[in-house]
Amino acid sequence: MIFLKKHVNIIGSTNVELMKNYDIYNNYTILSANHQTQGKGRLDRKWVDNKSGNLMFSILLKNVVNFEDISKLNYTVCASIISVLEKFNIIGEFKWPNDVLVKNKKISGVLIESKVIGDEVVVVIGQGINVNSASDNSDGYIYMSDIIGKNIPKEDVLDDFIYMFNKYFLSYGAYKLCSAKHCYYGKSVEINGNMYTVLELQEDGSIILKDSNSIENIYFGNELSLSRQEFLEDE
Ligand code: BTN
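All figures in this text were calculated on a predicted structure; none of them were measured in a lab.

This part takes up the sheet that holds strand β7 (residues 120–130). The seven strands are arranged β1-β2-β3-β7-β6-β5-β4 in an open sheet whose pairing can be described as mixed. Edge strands, defined here as strands with exactly one partner in the open sheet, are β1 (4–11) and β4 (93–95). Averaged over all pairs of adjacent strands, the angle between strand axes in this sheet comes to 20°, irrespective of strand direction. Pairing of β1 with strand β2 (residues 29–36), which is carried by seven bridges, proceeds in the parallel orientation. Looking at β2, one finds that Val8 is bridged to Ala33. Where helix α4 (residues 154–168) meets the sheet, it contacts β1, β2, β3 (54–62) and β7, and its direction lies at approximately 35° from that of β3.

Along the chain, the position of Ser13 falls in the loop between β1 and α1 (14–20). Residue Ser13 is classed as buried on the basis of its relative accessible area of 5%. Discounting chain neighbours no more than four positions away, the residues touching Ser13 are Gln36, Gln38, Gly39 and Lys40.

The next point concerns the nonpolar core. Ranked by size, the top nonpolar core spans 58 residues in total, and within it Met144 and Leu226 carry the most contacts. It is helix α2 (residues 73–87) that provides the largest number of residues to this core, a total of nine residues. Membership of the second largest hydrophobic core comes to 10 residues, among which are Leu18, Met19, Ala33 and Val122.

What follows concerns the packing of α2 against α4. Running from N to C, α2 and α4 point in directions that differ by 130°, and their axes come no closer than 8 Å. Classified by the angle between their axes, α2 and α4 sit oblique to one another. α4 is crossed by α2, and the crossing has right-handed handedness. Across from Thr76, Val77, Ala79, Ser80, Ile81, Ser83, Val84 and Lys87 in α2, the residues of α4 making contact are Val157, Asp160, Phe161, Met164, Phe165 and Tyr168. Taken together, the residues that form the contact of α2 with α4 break down as nine nonpolar, three polar and two charged.

Attention shifts here to the pattern of salt bridges. All chains considered together, the criterion is met by seven salt bridges. A salt bridge links Lys72 to Asp69; the nearest nitrogen and oxygen atoms lie 3.0 Å apart. The class for Lys72 is partly exposed, based on a relative accessible area of 29%. Asp69 gets classed as buried once you look at its relative accessible area, which sits at 15%. Taken together, the shared-partner salt bridges in this structure form one network comprising Lys5, Glu155 and Asp159.

Looking now at the pairing of strand β9 (residues 194–201). Pairing between strand β8 (residues 188–191) and β9: four bridges, direction antiparallel. Among the inter-strand pairings, Ile191 is bridged to a residue of β9, identified as Asn194. What sits between β8 and β9 in their antiparallel hairpin is a turn of two residues, with Asn192 showing a positive phi close to 45°. As paired strands, β9 and strand β10 (residues 207–210) are joined by three bridges and run antiparallel to one another. Each residue of the ladder has a partner; that of Thr197, found in β10, is Lys210.

Procedures and definitions
- Residues numbered from 1 in each chain as written.
- Predicted model: local features only at pLDDT ≥ 70, side-chain atom pairs only at ≥ 80, totals over all residues.
- Heavy atoms only, no water.
- Pairing = 2+ DSSP bridges.
- Helix = DSSP H or I, 4+ residues; strand = E, 2+ residues; numbered from the N terminus.
- Axes fitted to C-alpha atoms, helices over the stretch in contact; angles between N-to-C directions.
- Contact = heavy atoms within 4.5 Å.
- Buried < 20%, exposed > 50% of the residue type's maximum accessible area, 1.4 Å probe, protein only.
- Core = buried A, V, L, I, M, F, W, Y, C linked by side-chain atoms within 4.5 Å.
- Parallel < 35°, antiparallel > 145°, perpendicular 65-115°, else oblique.
- Left-handed = near helix turned anticlockwise from the far one by under 90°.
- Nonpolar A, V, L, I, M, F, W, Y, C, P; charged D, E, K, R; others polar.
- Salt bridge = Lys/Arg side-chain N within 4 Å of Asp/Glu carboxyl O.

Function cannot be read off these values alone, since they describe shape.
In structure tokens:
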């Protein structure tokens with residue numbers, strides 16, 4: 001895939017911009033911004049930028065991904081991030097469905113949105129990567145610079161990401177890497193007041209959670225996010 005990079009200083013949300021105006025942007029556009037005034041996270045959360053230390057961008061894919069493959073894109077994106085981190089000697093872990101953690105703190109979040117217009121499948125993959133630390137870091141988050149002790153040009157991280165994204169795009173390798181780095185495997189999580197044990201990730205993007213009656217339930221990422229008992233305050 002050849003991507004077309006476009007950068008703006010400030011915008012509401014790169015995801016919203018590409019989704020709203022998908023027809024005027026070229027396919028494979030990557031829109032990045034120094035600042036977002038209305039950055040969006042998953043499940044109606046906000047994504048707050050930290051004085052430009054976040055690498056924030058969105059990728060527009062028009063009729064590139066089949067509808068049934070959208071739920072697997074989390075593996076592509078998170079495997080790409082984990083590999084970029086590895087290049088900087090940072091060990092990342094996969095927190096299903098869309099987060100990458102380092103030392104149990106969030107270093108990257110992904111928001112994948114899609115819509116179908118007629119026979120066109122429009123997908124926007126939004127990515128926030130904590131690259132350069134700022135003084136107002138909040139607990140529960142970690143930056144690449146916190147670990148390697150120096151700032152990194154965000155542009156380099158984006159280029160590395162694009163390279164890895166091409167490599168892992170909807171591949172079995174992406175699923176395998178995320179499974180190998182699946183940090184909540186065997187742990188207890190709470191969902192709506194009920195406890196579950198986290199089991200395997202499935203190739204279609206779903207996860208198996210065993211409830212207290214030992215019944216295995218299958219969930220997709222648009223339905224929930226996992227809160228580990230000991231990390232509930234991070235959610
Ligand atoms: C999450 O962790 O809940 C997902 C966060 C996704 C944030 C990125 S930043 C670039 C893109 N534009 C947005 O408004 N959100 C995504």
